[in-house]
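# Architecture at a glance
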Number of protein chains: 2
Amino acid sequence: MDAIERIRAFNRSYTQAMGLMARDYLDSGMTVTEVRVLYDLSLHPGTTARALAEDLDLDEGHLSRIVKRFEGEGLLVRRPSTQDARQRHVSLSAKGRALVGRLAKASRADVERRLAAVGPAGRTAVAEAMETVLDRMTPVAAKDVVLRDIAIGDAGWLIQCHGEAYAASDGFDATFETLVAEILVDFLRNRDPACERAFIAEVRGRRLGSVFCVRSETPGLAKLRLFYLVPEARRLGLGRRMLEACLRFARDAGYARMALWTHESHRAACALYEASGFVLTGSKPTRSFGVDVVEQQYDITL
Amino acid sequence: MDAIERIRAFNRSYTQAMGLMARDYLDSGMTVTEVRVLYDLSLHPGTTARALAEDLDLDEGHLSRIVKRFEGEGLLVRRPSTQDARQRHVSLSAKGRALVGRLAKASRADVERRLAAVGPAGRTAVAEAMETVLDRMTPVAAKDVVLRDIAIGDAGWLIQCHGEAYAASDGFDATFETLVAEILVDFLRNRDPACERAFIAEVRGRRLGSVFCVRSETPGLAKLRLFYLVPEARRLGLGRRMLEACLRFARDAGYARMALWTHESHRAACALYEASGFVLTGSKPTRSFGVDVVEQQYDITL
DNA sequence: AGAGATGCTTGACGCCGTCAAGTAATGGCG
DNA sequence: CGCCATTACTTGACGGCGTCAAGCATCTCT
């Protein structure tokens, strides 16, 4: 079952499970549309009918009748615009606001009822997964991505991510995950903040990738390690930005050169290294992590 | 913003973003309800009107008219039941099945269009998050939980999980996450499968917890480590099951005793240890991971 | 055999949502 | 300034959804 099919399955079961298709909104005697009108009005008091119709994707005639009825019920007030005599500014009355409050409460209670069997931790997890859904549906905007230092939780994420991604793409066995864990343990334990640094790319709390600048045995030589970007954050120029941040840090820290090890199969990364000024200084076939790979070394003079 | 509020926000934006409220289903000239009827019929050929109405939560009268109309259009056939002359078994005709196929295709295309800006990796992530939503909404059933050995990705998950959970609940600093990573690196590197074992609790691909049985310096003494359950999987008897699996393994591996270290603040876990036959053999206040804790040792004779 | 339950159909009705026409005010253009 | 297209909103007409209630045939239970 591919992603689209899984998404369709979600649409079916979720709308049913949450009763989102209901005509009568929570036995309030109001239509979902009417509630949406009230809710939108509570958010944008003083809008015009047109803007409202636009916002809710409603027929203007239909909306006109709803507004009229609501006015009759005292839920909202319309006052003619001073700018344009054709327009009328619509706002909720106190009664209308009270109703919105009651409806919100009913909606909360309804959601609570549907999640009765789910504990607090589960609810947070549900909410988080939902935010992930919305978040992933809006593609990553490179400008919102921040590069920050490593924090609690990052090491585990990196280990899992590297382990699973390379197992899937290159067939690496568990020893690779272990190696990544070792690198991180060493970094966390023995890091010299003056000349070693991690960059974690993140957008709104969602981790996207990493790159590390660490000291080597050789004086004046920095190592670039754990360069990774989740697939959906690639081709946005993020890799270049991370690489440049890492190089800048290395320069500022006083290193003369920087080296990195990678595998030939990582075409995009290798191309990026070369575009950033790294030169290939070694290439040898070897067996690592249970598969045959061509290990490559790149160097750059800072 | 609490979980319920976040879920409500999702309901609003998601239904809008996916256009699930549309009256006319994808310009097919059919109602969402009609499409649901067809779809349900394609899944359950030969159902009765009652079962259909039940399944789709539709008014029987309304459904009756829809079915009648569909029969007139040659989309379905009704044949009287041999069991019960009041009933009629409804099934799609070839024409009806063809229509369902076309509609499914249109729906796929529609979802694809809405996700046009999202790459393949992002789509999989969306689908996964959706499945998480549905999954978490149905509480964990203890009987579906399996205990398996450690696999790729687990180590990273464990490190992240321990790091974040103990930072949140006990205020532990990053050194705790590092310690967990060290324990895991050591386990992955030097594990003796004959007498060391990890148990990962999982339900439908979702990791719930862990417990490890590892060798100690002292001959005949096993150590229980990394006992953890995600909050939403607690109070299901899972902890006991994991503990028992671990004790059984230790017994079978020939250990004479088992010891574990924990902190006084973990009341539920301590109670479980005692209920399982462990006895408190030491308790001392100390400073660990940046906070003051009371470290406790428990022992059991196997 | 008769009463009540069951499976489905039909009738009546409010109102949603859509198309189209109508009214009043505005603004652009010569 | 005056005409006319445009804009903001209202009103009319209508198909049909969804809901309640009544109706009819059949089954089941006693």
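This write-up is about the structure you can find in this document. Bear in mind the structure is a predicted one, so any value in this text is a computation, not a measurement. Residue numbers restart at each chain and count upward from 1, following the sequence in its written direction. Each chain is given a letter, starting from A, and each ligand a number, starting from 1, according to the order in which they appear as written. Where local features are concerned, this predicted model is filtered to residues with pLDDT of at least 70; where side-chain atom pairs are given and counted, the filter is 80 or more; whole-chain, interface and lining totals use all residues.

## So, the sheet that holds strand S4 (residues 197-203) of chain A
Residue and element names in this part refer to chain A. Only strands joined by at least two bridges in the DSSP assignment are considered to pair. Secondary structure is summarised from DSSP: a helix means a run of H or I of at least four residues, a strand means a run of E of at least two, and numbering begins at the N terminus for each. Strand order in the open sheet made by the 7 strands is S3-S4-S5-S6-S7-S9-S8, with mixed pairing throughout. One side of each edge strand has no neighbouring strand; the edge strands of this open sheet are strand S3 (146-148) and strand S8 (279-288). Here the strands of the sheet are splayed against their neighbours by 25° on average, with no regard to which way each runs. Contact definition: two residues whose C-beta atoms, as placed from backbone geometry, lie within 7 Å. Think of each axis as a best-fit line through the C-alpha atoms, taken over the contacting stretch in the case of a helix, with angles from 0 to 180 degrees between the N-to-C directions. This element, helix H9 (residues 238-252), spans S3, S4, strand S5 (206-215), strand S6 (221-229) and strand S7 (257-263) of the sheet and lies at about 30° to S5. Relative to the sheet, helix H10 (residues 267-275) contacts S6, S7 and strand S9 (291-301), its axis offset from that of S7 by approximately 160°.

## Describing the sheet that holds strand S4 (residues 197-203) of chain B
Residue and element names in this part refer to chain B. The 7 strands lie next to each other as S3-S4-S5-S6-S7-S9-S8, forming an open sheet whose pairing is mixed. A single partner strand is all that each edge strand has here, and the edge strands are strand S3 (146-148) and strand S8 (279-288). The average angle at which neighbouring strand axes cross in this sheet is 25°, direction not considered. Taken together, the 7 bridges between S4 and strand S5 (residues 206-215) define a ladder with antiparallel strand orientation. By the bridge assignment, Val203 is partnered in S5 with Arg206.

## A word on the environment of Glu54 of chain B
Tracing the sequence through the fold places Glu54 of chain B in helix H3 (residues 49-56). Taking the C-alpha atoms as reference points, Glu54 of chain B and Arg257 of chain B, 203 residues apart in sequence, are found 58 Å from one another.

## Concerning the interface of chain A and chain B
The interface of chain A with chain B comprises 59 residues on the first partner and 59 residues on the second. The set of elements that each furnish at least two residues to the side of chain A that touches chain B consists of helix H1 (3-18), helix H5 (94-114), helix H6 (120-137), helix H7 (154-170) and helix H8 (174-190) of chain A. Looking at the side of chain A that touches chain B, the element that brings in the most residues is H6 of chain A, giving 15 residues. Under this grouping Gly is polar, as are all residues other than the nonpolar Ala, Val, Leu, Ile, Met, Phe, Trp, Tyr, Cys and Pro and the charged Asp, Glu, Lys and Arg. A per-class count over the side of chain A that touches chain B returns 34 nonpolar, 13 polar and 12 charged.

Note that all results are geometric; they support no functional claim without further evidence.
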